[in-house]
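Chain by chain, the residues run as shown.
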Amino acid sequence: MKRTIPSILVVIVLCVMLTSCWSRRELNELAIVVGLGIDKVDDRYQVSIQLVNPTEISARLGGAGQSPIVLITEKGETIQETLHRALVEAPRRYFFSHLQILVLGEELARNGIRDVLDFFWRDHEFRFDYYLLVAKNNKAENILKVLTPLEKLPSQKLFSSLEASERYWGATGDITLDELVIRMLGEGKGAGLTGIELLGDPTVGGSRENIEVAEPKTKLKYSQIAIFKEDRLVGWLNETETIGTKYILDELKNTIYVLPCPKNKGHIAIEVIRSNTKVEGKIENGKPTIHVYVKSEQNLGETQCEDLDLTLPETLFDLEKMMKKKLGQALHIAVDAAQKKYKVDFLGFGDAIHRADPKYWEEHRKNWEHEFAQVPVHLHLDLKIYHTGTVTDSYNREMEKLP
Amino acid sequence: MNQEEKISSYQLLLLATFFTVGSSILELPSTLVTIAEQDAWIAMLLGIAISAIMVGLYLLLIRQYPGKNLHQINEAVFGRKIGGIVSFYLTAMTFFLGPPTVIYYLGRFLSIQIMVETPASSTHLLYGLLAIFAVALGIEVIARVAEILFPIFFILYLGLMLLLIPLVEFERLQPVFEHDFKTLLWASIFYVQFSCFPIIIMLTSFQGKVTQQKKAPKAFFLGNFFGGSILFITTLISVLVLGKLTALFNFPSYVLAQKINVGDFIQRIEMVITVMWFITLFFKLVLYFDSAVVGFAEILKIKNHRFLVVPLGILIIYFSLTNFPNDVYQLNQDKTTWIPHSFFLGVLYPIVVLIIGFVQGKLKEKRKGIHRPSESKGG
């Protein structure tokens, strides 16, 4: 009994102190930020904040015909200051932990992005699970304005379609901030970010009529990959170069290659199911060389050829040979883009040499920028075409046989 | 009642493990990678080897002075006056530099990552009160808490490390051995100075209280080794997952936990690492604090040391708020002030004690050898 009263008191005091009411933030006091865009306008940073309009996206209420997102823009000298100043326009306090995409305007990207990214690296509310994009030939603000069908939140749409295309097409890159920094700090000092393009009129895209029709007039589309030398955008990779690059970086999960028919008109589609790449550096006769080992598993996905007899094993072996040639070309195109077109080591060759021979690297690190362009690259391709889908020979050829 | 406090050798093992893991689980990978880059894990192995030797040295102390705590050893070796001065220096320095820094670590972490708007003083106060409460209850209770919390800690730790395996890239370890031995040794100092050298102060807390006295040295040694292995795996995984980036974060393990995402289902579980860190820090704080309380009581010849807990505890909270003007100052202290202090505490001091003790033992033997014949004569 002597101890009961003090114990009860302790429990009460603890209950009061441990409710963590101190810096509580209730859901109805937060404005959830799903997309952020940063542009450089007259030497100042312009930040665009895409907020969720919660009544509009709630499934139960169905919405009152308002826009599902709210866009707020503000200018300032630093990102943090601008985000805080932008609060004068917002009804609630921003909450950044659910950020899906961070769009950088092309002009900003060409001027260097390192100063901008420090804040995102430092602030505790940002996680590392949002993707970085570059607005191709455009301002980030315009990209974030566009309303999209199917996914009510445009940022969510960009996020999921990037994940899907990363998985099944391969010509995009889902790069998060930490991955970008790893690459910028890598020995090659080069990195790539996916570009996002706006097709159509941005003012139409921002109005509700854009999502009232089956085919929106203004669309967002991923296209090409922006190449960064250190933190500056130096150019764009096209689709072939991108897929080759992703092959070498071992980031490709699934993609489709198209081969022409051996004799007739028409094409064959080959699906890459799995691929695995190893880049190894070697010092041969005092000179660095790069060996790229690719192991790729593929399936035949489509054929339009009348002359392709898929019942014969030789046909598939021939296809493998053709694919090998095609893949070799694709990889060489990517290597050429790095070595000749942009002279930026975004393929991680510098890291490979560093891994292989740290002593050599210590001596030649400074010259790498020049040496890189001359490094011979040897490809070792090992690819197999296993399956032909649910059928063996095409009905196409059966039709040919009909009288 | 005070004299009857007993802990088991298993509990001692857990306490030593917790003390070793301490604050390092959250911060150590960053320091190691800053110095040794991808070779950080080798530095960590080196650190474990060094601490095995050093803890072996402390075991010699235990063997030479069974059942005596650090301050009783001082008295036996240096005599009452000089022993008192040595004890006072060790206790006061460790008291001033140790527990306030541990609380500051916690406050810093909370105000950077989790509760940004909550003032540090309130977290310091709560954690300090917890420590006062624990130390007032004595080492026996602390040891039981360790027994209860260890499975929780270990399951969380194991889960975290297993969930990180999909993110591992072995290329990040290459090139192996890029850095020379000197660099690796320098990096390993940052492990030993927090996790191995100061562990000697635990001798004040457990000496003479372990039920199976014979098993105590082994438990102590294994606890330190086990803690070192936990930190080794954490460092290795940090390098394998974050690579060079480990160096850029204040709390790389927290970032590791943030990166976990299993099928969009198991994600955002970084609070797990916070819970682990709360547990390990608690024991580091309490063990430092307990040894300081026992030490001061021994020096001042106070029989019931519990009477010192509250005033010293308030001082710890006060120091934790005033010792450091800012984070960078505190980080700098780890790299400057703490190194010589921990070196003195964990290397110089035990070696001197062992040498003097050895010489004294020899002298005694000699004296006995001289006296014996005369004694036998008398008998």
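Everything discussed here concerns the structure shown above.
Computed from a prediction, not measured in an experiment: that's the story for all the values here.

What follows concerns the interface of chain B and chain A. When the parts of a complex come together, some accessible area is lost, and that lost area is often taken as the interface size. If you look at the interface, chain B gives 24 residues, while chain A gives 21 residues. Across the interface of chain B and chain A, roughly 2300 Å² is buried in total on both sides, 56% from carbon and sulfur atoms. When the buried surface of chain B facing chain A is broken down by residue, B:Glu117, B:Leu245 and B:Arg268 rank first, second and third, together holding 23% of it. In this assembly, chain B and chain A are joined by six salt bridges. In this structure, A:Asp178 and B:Lys259 form a salt bridge, with 2.2 Å as the shortest nitrogen-oxygen distance. In this assembly, chain B and chain A are joined by seven residue pairs in polar contact (both at pLDDT 80 or more). Among the elements of the structure, helix H5 (80-114), helix H6 (120-137) and helix H11 (252-259) of chain B are those that each provide at least two residues to the side of chain B that touches chain A. Sorting elements by how many residues they give to the side of chain B that touches chain A places H11(B) first, with three residues. Residues belonging to the side of chain B that touches chain A are distributed by class as follows: eleven nonpolar, five polar and eight charged.

Moving on: the packing of H5(B) against helix H14 (residues 327-335) of chain B. Residue and element names in this part refer to chain B. Interaxial distance between H5 and H14 falls to 11 Å at its minimum, and their mutual angle equals 135°. The orientation of H5 with respect to H14, classified from their angle, is oblique. Crossing angle aside, the handedness with which H5 passes H14 is left-handed. Counting all contacts with H5, which are made through Leu97, Thr101, Tyr104, Tyr105, Arg108 and Ile112, the residues of H14 involved are Asp327, Gln330, Leu331, Gln333 and Asp334. When the residues that make up the contact of H5 with H14 are grouped by side-chain class, the tally is five nonpolar, three polar and three charged.

This paragraph deals with the pattern of salt bridges. Residue and element names in this part refer to chain A. Considering all chains together, one arrives at 35 salt bridges over all chains under this definition. One salt bridge connects Arg122 with Asp118, and the closest N-O pair in it is separated by 3.2 Å. Of this pair, Arg122 and Asp118 both sit in helix H5 (residues 114-122), four residues apart, which is roughly one turn of that helix. Across the pair Lys253 and Glu166 runs a salt bridge, and its minimum N-O distance is 3.7 Å. Of the two residues, Lys253 sits in the loop between helix H10 (239-248) and strand S10 (255-260) while Glu166 sits in helix H7 (residues 154-168), which places them 87 residues apart along the sequence. In this structure Lys253 comes out as partly exposed when scored by relative accessible area, which is 40%. Residue class for Glu166 comes out buried when judged on its relative accessible area of 3%. Salt bridges sharing partners connect three or more residues here, namely Glu166, Arg183, Lys246, Glu251 and Lys253.

Another aspect to go through is the side chain of A:Thr303. All names here are of chain A. Among the secondary structure elements, Thr303 is positioned in strand S12 (residues 287-303). Classification of Thr303 as buried rests on a relative accessible area of 18%. Within the structure, the side chain of Thr303 is placed 3.1 Å from the backbone nitrogen of Cys305, a separation counted as a polar contact. In this structure Thr303 touches His267, Ile268, Leu308, Leu310, Ser394 and Asn396, once residues within four positions along its chain are discounted.

All right, on to the sheet that holds S10(A) then. All names here are of chain A. Across the sheet, four strands lie side by side as S10-S11-S12-S13; this open sheet has mixed pairing. Two strands close off the open sheet at either side, each with one partner strand: S10 and strand S13 (377-387). In this sheet, adjacent strand axes meet at a mean angle of 35° when their direction is disregarded. Note: S10 against strand S11 (residues 267-284), six bridges, orientation antiparallel. Within S11, the position partnered with Pro260 by the bridge is His267.

Of all eight residues in helix H12 (residues 349-356) of chain A, six are buried; the element is thus mostly enclosed. If you check which residues of H12(A) are buried, you get A:Phe349, A:Gly350, A:Ala352, A:Ile353, A:His354 and A:Arg355.

What counts, and at which threshold
- Note that residues are indexed from 1 along each chain, following the sequence as it is written.
- Chains and ligands are labelled by the order in which they are written, letters from A for the one and numbers from 1 for the other.
- Confidence filtering applies because this is a predicted model: local features only for residues at pLDDT of at least 70, side-chain atom pairs given and counted only at 80 or more, and all residues used for totals across whole chains, interfaces and linings.
- Calculated side-chain values reflect all of the structure's heavy atoms, with hydrogen atoms and water omitted.
- Should any heavy atoms of two residues lie within 4.5 Å, those residues are considered in contact.
- In short, buried area is how much 1.4 Å probe accessible area vanishes from two parts on joining, totalled over both.
- For this document, the term salt bridge refers to a Lys or Arg side-chain nitrogen within 4 Å of an Asp or Glu carboxyl oxygen.
- Polar contacts, as used here, are pairs of N or O atoms within 3.5 Å; protein pairs need one atom able to donate a hydrogen and one able to accept it. Residues neighboring in sequence count only if both atoms are side-chain atoms.
- Strands are runs of DSSP state E lasting at least 2 residues, helices are runs of H or I lasting at least 4, and numbering of each runs from the N terminus.
- Any residue that is not Ala, Val, Leu, Ile, Met, Phe, Trp, Tyr, Cys, Pro, Asp, Glu, Lys or Arg is counted as polar, Gly included; the first ten are nonpolar and the last four charged.
- Working convention: axes come from line fits to C-alpha atoms, limited for helices to the stretch in contact. Angles between N-to-C directions cover 0 to 180 degrees.
- Orientation labels follow simple angle bins: below 35 degrees gives roughly parallel, above 145 gives roughly antiparallel, 65 to 115 gives roughly perpendicular, and whatever is left gives oblique.
- For any pair of crossing helices, the crossing counts as left-handed if the nearer helix is rotated counterclockwise from the farther one by less than a right angle, and right-handed if it is rotated clockwise.
- Relative accessibility under 20% of the residue-type maximum defines a buried residue, over 50% an exposed one, and the middle range a partly exposed one, all with a 1.4 Å probe and only protein chains included.
- By definition, two strands form a pair when at least two bridges between them are found by DSSP.

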